[in-house]
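Reading the structure
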Amino acid sequence: MYIRASALLFPVYALASLAAAAPGGIEARASCTSGTKLCCAQTYTADSTGVAAIKALLGFTVNPVVGPLLATGCTGFVGSCNAQTVCCKSSQDNNLVYVGCNNIAA
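In this report, we go over the structure that sits alongside the text. Quick caveat, the model's predicted, so the values are computed rather than measured. (Residues numbered from 1 in each chain as written. Predicted model: local features only at pLDDT ≥ 70, side-chain atom pairs only at ≥ 80, totals over all residues. Heavy atoms only, no water.)

**Quick word on the overall build of the protein**
What counts, and what does not: Working definition: helices are DSSP H or I runs of at least four residues, strands are E runs of at least two. Numbering for both runs from the N terminus. For every residue, the accessible area obtained with a 1.4 Å probe (protein chains only) is divided by the maximum for its type, and the residue is called buried under 20%, exposed over 50%, and partly exposed between those limits. Throughout, a contact is declared for two residues whenever any of their heavy atoms are within 4.5 Å.
Across its full length, the protein carries two helices and four strands. The helix and strand sequence of the protein, counted from the amino end, reads α-β-α-β-β-β. Scored against the burial criterion, the 106 residues of the protein give a buried share of 26%. Within the protein, residue pairs in contact and separated by at least 24 positions form 67% of the contacts whose partners lie at least 6 positions apart.

Structural data, given as structure tokens:
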């Protein structure tokens with residue numbers, strides 16, 4: 001009886017996909033190449049906890065959620081930032097909430 005190669009490889013692929021989806025810290029990127037560089041007062045994870053925090057703070061729900069971070073209280077980056085420096089892809093509700101944000105090294 002012969003064993004198919006796919007039967008041996010399936011567990012390897014299954015474990016690899018679990019490792020790739022495992023939660024971890026959001027690392028700072030070196031630069032902002034696909035969005036707007038901002039200085040933001042608060043950042044939230046783009047999950048149900050972050051969405052609930054923004055709803056409690058501003059009274060509306062961010063939809064659709066684009067991550068890994070959501071940011072509020074943002075101004076344009078002008079050389080230095082005393083808060084959180086992020087790179088965000090877009091904004092919602094007249095720039096009250098920025099979505100698709102990543103930490104970046106200032």
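**Brief notes about the state of the cysteines**
Using the following cut-off: Any pair of cysteine sulfurs within 2.5 Å is marked as a disulfide.
In the structure shown here, the tally under the stated rule is four disulfides. One disulfide in the model links Cys 39 with Cys 81; its S-S distance is 2.0 Å. Disulfide Cys 39 to Cys 81: torsion about the S-S bond roughly 80 degrees, handedness right-handed. Here Cys 81 lies in the loop between strand 2 (69–76) and strand 3 (84–92) and Cys 39 lies in strand 1 (residues 36–45), a separation of 42 residues in the sequence. What links to what in the protein: the bonded cysteines, counted in sequence order, pair as 1-6, 2-5, 3-4, 7-8.

**Focus: the nonpolar core**
Short version of the rule: Take the buried residues of types Ala, Val, Leu, Ile, Met, Phe, Trp, Tyr and Cys, join any two whose side-chain atoms come within 4.5 Å, and each joined set is a nonpolar core.
In this structure, Leu 38, Cys 40, Leu 69, Ala 71, Cys 74, Val 86, Cys 88, Tyr 98 and Cys 101 together form the largest nonpolar core, which totals nine residues. Looking at this core, the elements that each hand over two or more residues are strand 1, strand 2, strand 3 and strand 4 (97–103). Broken down by element, the residue count for this core peaks at three residues, all from strand 2. Tyr 44, Ile 54, Phe 60 and Leu 70 belong to the second-largest nonpolar core, a separate cluster that totals eight residues.

**Observations concerning the environment of Gln 84**
Examined against the element boundaries, Gln 84 turns out to sit in strand 3. Sequence separation between Gln 84 and Asn 103 is 19 residues; the distance between their C-alpha atoms is 7.5 Å.

**Thoughts on the sheet that holds strand 4**
For clarity, the threshold we go by: A pair of strands is labelled paired if DSSP reports no fewer than 2 bridges between them. In this analysis, axes come from line fits to C-alpha atoms, helices being fitted only over the stretch in contact, and the angle between any two N-to-C directions falls in the range 0 to 180 degrees.
The antiparallel closed barrel is built from four strands, whose spatial order is 1-2-4-3. Adjacent strand axes in the sheet meet at a mean angle of 65 degrees when their direction is disregarded. Strand direction decides the pairing type here: strand 1 and strand 2, joined by seven bridges, are antiparallel. Considered in strand 2, the bridge of Tyr 44 is made with Leu 70.

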